[in-house]
Amino acid sequence: MPSLFWLLAASAALGVAKANPLQFSHRARDVDAHLQKRASSGEPEAVSPPFYPSPWMNPNADGWENAYAQAKQFVSQMTLMEKVNLTTGVGWEGEQCVGQVGSVPRLGLTSMCMQDSPVGVRDTDFNSVFTSGQTAAATFDRQLLYARGLAMGQEHRGKGVTVQLGPVAGPLGRAPEGGRNWEGFAPDPVLTGVSIAETIKGIQDAGVIACAKHFIGNEQEHFRQVGEAQGYGYNITQTLSANIDDKTMHEMYLWPFADAVRAGVGAVMCSYNQINNSYACQNSKMLNNLLKGELGFQGFVMTDWQAHQSGVSSALAGLDMSMPGDTVFNSGVSYWGTNLTLAVINGTIPEWRIDDMAMRIMAAFFKVGNTVGSQIPINFDSWTLDTYGPVHWAAGVGQQQINHHVDVRGDHGTLIREIAAKGTVLLKNTNNALPLNKPRFLVVIGDDAGPNPDGPNGCSDRGCDNGTLAMAWGSGSANFPYMVTPDAALQAKAISDGSSYQSILANNRPTTTEALVSQDGVTAIVFVNADSGEGYINVAGNEGDRLNLTLWHDGDALIKNVSSLCNNTIVVIHSTGPVLVNEWYDSPNVTAIVWAGIPGQESGNSLVDVLYGDVNPAGRTPFTWGASRESYGTDVMYEPNSQLPQLDFTEGVFIDYRHFDKTNQTPVYEFGYGLSYTTFSYSNLQVVKTSSAPYTPTEGYTEAAPVISTSNVSSNLADYLFPNASFPYVWQYIYPYLNTSKSAKAASGDLHYGEPNDKYLPPNATDGSAQPYLAAADKVAPGGNAALYDVLYTVTADVTNTGSVTGDEVPQLYVSLGGPDDPPKQLRGFDRLRDLAPGQTGVFEVAITRRDLSNWDTASQDWIISNYTKTVYVGSSSRKLPLSATLA
Ligand SMILES: *[C@@H]1O[C@H](CO)[C@@H](O)[C@H](O)[C@H]1NC(C)=O
Ligand SMILES: *[C@@H]1O[C@H](CO)[C@@H](O)[C@H](O)[C@H]1NC(C)=O
Ligand SMILES: *[C@@H]1O[C@H](CO)[C@@H](O)[C@H](O)[C@H]1NC(C)=O
Ligand SMILES: *[C@@H]1O[C@H](CO)[C@@H](O)[C@H](O)[C@H]1NC(C)=O
Ligand SMILES: *[C@@H]1O[C@H](CO)[C@@H](O)[C@H](O)[C@H]1NC(C)=O
Ligand SMILES: *[C@@H]1O[C@H](CO)[C@@H](O)[C@H](O)[C@H]1NC(C)=O
Ligand SMILES: *[C@@H]1O[C@H](CO)[C@@H](O)[C@H](O)[C@H]1NC(C)=O
Ligand SMILES: *[C@@H]1O[C@H](CO)[C@@H](O)[C@H](O)[C@H]1NC(C)=O
Ligand SMILES: *[C@@H]1O[C@H](CO)[C@@H](O)[C@H](O)[C@H]1NC(C)=O
């Protein structure tokens, strides 16, 4: 089934090996600062400073105390090779999940299963396909975000999954063209931070470890992987470097990951790209300093699939798990596995570091409620839907029942319908076009309203744009159990209303379309879309990232054609981000515009609920709709500017609405905007200053790295050989064992084993002594210095339904930090006030924390509140802010 993935993976293997043998290097000098000049400009290359040693777990971390104790009890019994087994995947397609690590049979622990995706269980059947993260964010509803996470977690648990590979805060959405923006939430750190935290709590409450990804700077698909880019004909030798300054990192891209860590996330996935010219999965600044040091992350870091670039360096830089374990898919060799065993034996990686890896993995396992010996068996297979097949797919051995077709859906369809409806954004509504009320003659036009002729799962990983767009493409997708098309749902509704109903489910039937929509009294709904996805699939020339921001399949022409003939044309857009609507949005004949996002399996039903008013829309656009692609000020890099592509985030924190506000441009629809069938007024802003202790930078020292093991690591290579001649060795499988005790070099198979370069270790990388706490970190609380979350002000405002129907409203609070380099305003709070009846007033309340009012100070490496005057604004969108007050 993932045949495309396969082919590209194979080409990746060749490409990387030929282009740069050093990519296989485990040598420490690759870690941080190889100071090359930029090929073209001669400017200094962005540099990621080193940070060592890698922080070890804190037994007293809030929420992790019991997990730590259980992990310690378990890990203290483990041998070196058992620990290595936990840290290293068994190889691509070695087992049933997209990634699995080795098991620990002696202690009764079965293999942990890592499975995509952020919208449901991937590559199986009888699972649900949830609304995309981006569309869920458009609900601005914490309860729904939590409920979605819980339901997805329940489905993963039912299939025997240990770690759900989601949710996503990277990409955040630096450029609207970014192919995977829909997998995440919004180009705003607060909306994304709240969304990722609620999703994580939901997933983990279901007993499944959540994996916040991709850490960090993974803002585009182009040049994320060398082999993939070479397959598309680009001449690069290293993956793209996202060059991000420290302030932007803290105030924008790291922010939601702080919320993820604070929510107790058990796993984080490091990304393919480099950050300041150091690979994400061996970047000590990102993993050791920011994630584990400053944020106090207690769980484990796993690589993205084939993002592992080195053995020793990555271990010392804070990586805990290699996925899927082999250097490149199906190479049969690994930077870890045998190599990790050897590196601990030869003392390059200290024992406390491998203990810490095992502790972090087991602590996450226990934290979400697992117990050893009672894991739900993996009951599906990612590589086939056949009932019987080889359990070791790559090797083709172990014939048995591999798919039990367990139905894990519960009644999640109801929830998915609700989320998609509540995430639908009404962008325009004139002449009371909506809600529909038994229209006499309803006409639906467009291929985006109908089915894919090949079925809802007809294109592998949804890698095409045929029929209605209910899920975008890539590993972040899942198989539909069914998909309700807009045509099917609208027709059923029309028939029950006694309407006349006709649809043309194609964009390219001008003659019949014109004849139909010109008929008297027609209400026409035109469906259009714009798709994107992950880089390994190319759809119509879009290698993941979108080539443009216009509608696909001549959608603009279709809308213009229909609206020139029909004075009641309603437009429905399914898309993975903003599209350009200038050519038609203000036509008087376009009476309504609805953004229905990426809705998932209940697409048509959710839409009917909104169009007919059973759900009064209150979704808000989680991104800005600009007048041109240039108006965003950011874009994806399409042509590499070097063999080591350098993407400078020179815009700093000014992405999406922050950019439009700074450059004083009027967008078509601003971030946070969305209409309702009723109206609301805002009044009575109250600001109350709360008493809180002053901020204290954290001081003091951690404990020294604990040695968890009770037995010493033997230096006799013969102790690490495969158990015995009858051991059921699986071809291409990654093991912790040595296949020879002749020499370590022979066992490693690395031609450069033990060379002088390998003896270079970054200063302090193996130091297990007590380390100073970072000022911005906390001694016990994950997420950074706990004082950052102290409430400094409470703001309330009254929101009154001034219309004639009941509805939800999404009040938003923005702050201005007041400095010359600060955005004019930034979202800091929101709520979804539910079911306000006509005349009813609800109270919007936001607790403003110290973090909300702080800037990252690069000099002190801490958050500070500047002396500039702070202002709060409250209203219904980033540009409709009738209430404001300065903070004393
Ligand atoms: C490592 O994991 C493999 C695969 O699950 C298993 O066969 C092997 O026995 C494990 N080795 C140890 C030392 O636990
Ligand atoms: C790739 O670019 C380098 C440097 O510009 C050049 O030397 C090399 O020939 C190119 N390789 C290919 C296959 O085009
Ligand atoms: C150990 O890692 C090196 C690369 O550093 C690789 O060439 C070798 O094949 C690996 N050995 C094993 C047994 O996986
Ligand atoms: C230690 O083992 C690792 C893993 O095989 C290897 O890469 C490295 O060269 C070895 N270092 C020394 C100093 O022998
Ligand atoms: C589906 O989409 C692909 C391109 O993504 C196109 O080549 C193919 O013709 C489409 N099939 C149908 C039946 O529309
Ligand atoms: C729209 O066209 C219909 C005829 O199809 C006509 O009856 C109606 O008055 C027109 N409405 C407006 C607002 O022009
Ligand atoms: C934008 O990209 C889509 C999808 O590749 C394509 O259908 C459309 O024609 C492009 N638009 C323009 C203006 O090139
Ligand atoms: C609006 O629709 C009517 C038909 O109802 C048509 O005569 C008119 O030209 C259209 N106006 C625009 C601006 O497209
Ligand atoms: C190594 O650690 C010592 C204190 O333990 C510190 O003084 C020194 O600056 C560190 N070196 C580097 C390069 O970080």
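Here the structure is a predicted model, which means the values were calculated and not measured.

What counts and how
- Every chain is numbered independently, its residues counted from 1 as its sequence is written.
- Here the convention is simple: chains get letters from A, ligands get numbers from 1, in the order in which they are written.
- Only residues with pLDDT of 70 or above have their local features reported here, since the model is predicted, and side-chain atom pairs are shown and tallied only from 80 upward, although totals for entire chains, interfaces and linings are computed over all residues.
- Think of the side-chain values as coming from all heavy atoms in the structure, minus any hydrogens and water.
- Think of it this way: any DSSP run of H or I at least four residues long counts as a helix, any run of E at least two long counts as a strand, and we number them from the N terminus.
- Computation of the radius of gyration draws on C-alpha atoms, with the globule rule given as 2.2 Å multiplied by the number of residues to the power 0.38.
- Here the term buried applies to any residue with accessible area under 20% of the maximum for its type, exposed to any over 50%, and partly exposed to those in between, with areas from a 1.4 Å probe on protein chains only.
- Any two residues having at least one pair of non-hydrogen atoms within 4.5 Å are treated as being in contact.
- Shrake-Rupley sampling with a 1.4 Å probe provides the accessible areas, and residues are treated as covered by the protein chains on show and by no other component.
- In this tally Asp and Glu are treated as negative and Lys and Arg as positive; neither His nor the chain ends contributes.
- Working definition for charges: the position is that of NZ of Lys, CZ of Arg, CG of Asp or CD of Glu.
- Any two strands with at least two DSSP-identified bridges between them are counted as paired.
- UniProt positions are given in the numbering used here, feature names are shortened, and annotations may be inferred rather than shown by experiment.
- We define a polar contact as two N or O atoms separated by no more than 3.5 Å, with the added condition that, inside protein, one atom must be a possible hydrogen donor and the other a possible acceptor, whereas residues neighbouring each other in sequence contribute only through side-chain atom pairs.
- To obtain each axis, a line is fitted to C-alpha atoms, and for helices this fit is confined to the stretch in contact; angles are then taken between N-to-C directions over 0 to 180 degrees.
- Each angle receives one of four descriptions, namely roughly parallel if under 35 degrees, roughly antiparallel if over 145, roughly perpendicular if within 65 to 115, and oblique otherwise.
- By definition, turning the near helix anticlockwise from the far helix through less than a right angle yields a left-handed crossing, and turning it clockwise yields a right-handed one.
- Under the grouping applied here, Gly and all other residues not named as nonpolar or charged are polar, the nonpolar ones being Ala, Val, Leu, Ile, Met, Phe, Trp, Tyr, Cys and Pro and the charged ones Asp, Glu, Lys and Arg.
- In what follows, salt bridge is the name for a side-chain nitrogen of Lys or Arg lying within 4 Å of a carboxyl oxygen of Asp or Glu.
- Side-chain rings of Phe, Tyr and Trp, where Trp is taken by its six-membered ring, are said to pair if the distance between their centres is within 6.5 Å; with planes under 30 degrees apart they count as stacked, over 60 as edge-to-face, and otherwise as tilted.
- The cutoff for a nearby residue is simple: one of its non-hydrogen atoms must lie within 4 Å of the molecule or strand.
- Sulfur atoms of two cysteines make up a disulfide when they are within 2.5 Å.
- Each domain's extent was defined by an automatic or database domain assignment.
- Put simply, buried area is the surface a 1.4 Å probe can reach on two separate parts but cannot reach once they are joined, added for both.

Trainee: How would you explain the overall build of the protein chain if you had to name every residue and give the values?
Mentor: When you go through the protein chain residue by residue, the secondary structure sums to 21 helices and 29 strands. Computed over its C-alpha atoms, the radius of gyration of the protein chain comes to 27 Å, within 12% of the 29 Å expected for a compact globule of 888 residues. The C-alpha extent of the protein chain, read off along each of the three principal axes, is 90 × 65 × 55 Å. Buried positions account for 66% of the 888 residues belonging to the protein chain. By sequence separation, contacts in the protein chain at least 24 residues apart represent 78% of the contacts at least 6 residues apart. Surface summary for the protein chain: the accessible area is close to 28,600 Å², and the carbon and sulfur share equals 51%. Distance between charge centres in the protein chain, computed from 54 positive and 86 negative side chains, equals 2 Å.

Trainee: Go over the pairing of strand S6 (residues 267–270), please, and point to the residues and values.
Mentor: Going residue by residue along S6, you find Ala-267 and Met-269 tucked away on one face and Val-268 and Cys-270 tucked away on the opposite face as well. Of the pairings in the sheet, the one linking strand S4 (residues 209–215) to S6 comprises three bridges and is parallel in character. Bridge pairing in S6 links Ala-212 to Val-268. Sheet topology places S6 next to strand S9 (residues 300–303); four bridges connect them, and they run parallel. Considered in S9, the bridge of Cys-270 is made with Thr-303.

Trainee: Please set out the UniProt feature "domain: Fibronectin type III-like" (unreviewed entry) in the protein chain residue by residue, giving values where relevant.
Mentor: Annotation from UniProt places "domain: Fibronectin type III-like" (unreviewed entry) at residues 809–878. Helix makes up 0% of residues 809–878 and strand 50%. Its end C-alpha atoms lie 14 Å apart.

Trainee: Please provide a residue-by-residue account of the side chain of Arg-850, values included.
Mentor: Counting through the fold element by element, Arg-850 comes out in the loop between strand S25 (841–849) and strand S26 (855–857). Only 3.0 Å separates the side chain of Arg-850 from the backbone oxygen of Ala-693, close enough to count as a polar contact. In this view, Arg-850 contacts Ser-692, Ala-693, Pro-694, Tyr-695, Ala-787, Leu-788, Asp-790, Leu-792 and Ile-865; residues no more than four positions away in its chain are not counted.

Trainee: Talk me through the packing of helix H3 (residues 80–87) against helix H12 (residues 338–345); I want residue IDs and the actual numbers.
Mentor: Helix packing geometry: the angle between the two helix axes and the distance between the axes. Direction vectors running N to C along H3 and H12 enclose 135°, while the axes themselves pass 9 Å from each other. With respect to H12, the element H3 is oriented oblique. Along this stretch, H3 crosses H12, giving a crossing that reads as right-handed. In contact with Leu-80, Met-81, Val-84 and Thr-87 of H3, H12 contributes Leu-340, Thr-341, Val-344 and Ile-345. Its residues assigned to classes, the contact of H3 with H12 shows six nonpolar, two polar and no charged.

Trainee: If you had to explain the pattern of salt bridges to someone new, which residues and values would you point to?
Mentor: Opposite charge on two side chains allows them to pair when their charged atoms are near. Per the stated rule, a full pass over the model turns up 36 salt bridges. Measuring nitrogen to oxygen at the nearest pair gives 2.8 Å for the salt bridge that ties Arg-360 to Asp-356. Of this pair, Arg-360 and Asp-356 are both found in helix H13 (residues 351–367), four residues apart, which corresponds to roughly one turn of the helix. Among the residues examined, Asp-356 registers a relative accessible area of 3% and is labelled buried. Through salt bridges with shared partners, a single network forms among Arg-180, Glu-183, Glu-221, Arg-224, Glu-228 and Glu-534.

Trainee: Could you give an account of the packing of aromatic side chains, with specific residues and numbers?
Mentor: Applying the stated criterion to the full structure yields 30 aromatic pairs. Ring geometry for Trp-92 against Phe-329: centres 4.1 Å apart, planes inclined by 10°, an arrangement best described as stacked. In this pair, Trp-92 is assigned in the loop between H3 and strand S1 (99–100) and Phe-329 in the loop between helix H11 (312–316) and H12, connecting sequence segments 237 residues apart. With relative accessibility at 3%, the residue Trp-92 sits in the buried group. Seen in terms of ring centroids, Tyr-733 and Tyr-735 are 4.9 Å apart; in terms of plane orientation they differ by 45°. Their pairing is tilted. As far as burial versus exposure is concerned, Tyr-733 and Tyr-735 are alike and both buried. Each residue in the set Tyr-585, Trp-595, Phe-623, Trp-625, Tyr-669 and Tyr-673 is aromatic and connected to the rest through ring pairs, giving one cluster.

Trainee: Can you lay out the site of ligand 1 for me, pointing to particular residues and giving the numbers?
Mentor: Taken together, Glu-82, Asn-85, Gly-102, Ser-103, Pro-105, Phe-727, Tyr-733 and Tyr-737 make up the full set of residues adjacent to ligand 1. The side chain of Asn-85 places a nitrogen or oxygen atom 2.3 Å from an oxygen atom of ligand 1. Protein chains bury 80% of the 360 Å² of accessible surface belonging to ligand 1 in isolation. Its residues assigned to classes, the shell around ligand 1 comprises four nonpolar, three polar and one charged.

Trainee: Quick rundown of the state of the cysteines? Include the residues and the values.
Mentor: Applying the stated criterion to the full structure yields three disulfides. Note on cysteine connectivity: Cys-97 is disulfide-linked to Cys-113, with sulfurs 2.1 Å apart. A torsion of -105° about the S-S bond marks the disulfide between Cys-97 and Cys-113 as left-handed. Within this pair, whereas Cys-97 is found in the loop between H3 and S1, its partner Cys-113 is found in strand S2 (residues 113–115), the two being separated by 16 residues in sequence. Between the sulfur atoms of Cys-270 and its disulfide partner Cys-281 the distance amounts to 2.0 Å.

Trainee: Report on the domain arrangement of the protein chain, specifying residues and quantitative values.
Mentor: Domain parsing of the protein chain yields domain 1 (413–678) and domain 2 (682–693 + 787–886). Each of domain 1 and domain 2 was reduced to a C-alpha centroid, and the two centroids are 30 Å apart. Facing the 21 residues of domain 1 at the interface are 25 residues of domain 2. Approximately 1,800 Å² of surface area, both sides summed, lies buried where domain 1 meets domain 2, with 45% of it carried by carbon and sulfur atoms. It is Arg-620, Asp-661 and Thr-678 that lose the most area in domain 1 upon contact with domain 2, and together they represent 30% of the buried surface on that side. The interface formed by domain 1 and domain 2 includes four salt bridges. For Asp-661, the salt bridge identified is with Arg-879, shortest N-O distance 2.9 Å. Of the residues forming the side of domain 1 that touches domain 2, the biggest block, five residues, is contributed by helix H19 (residues 657–662). Here the side of domain 1 that touches domain 2 is built from residues that sort into nine nonpolar, six polar and six charged.

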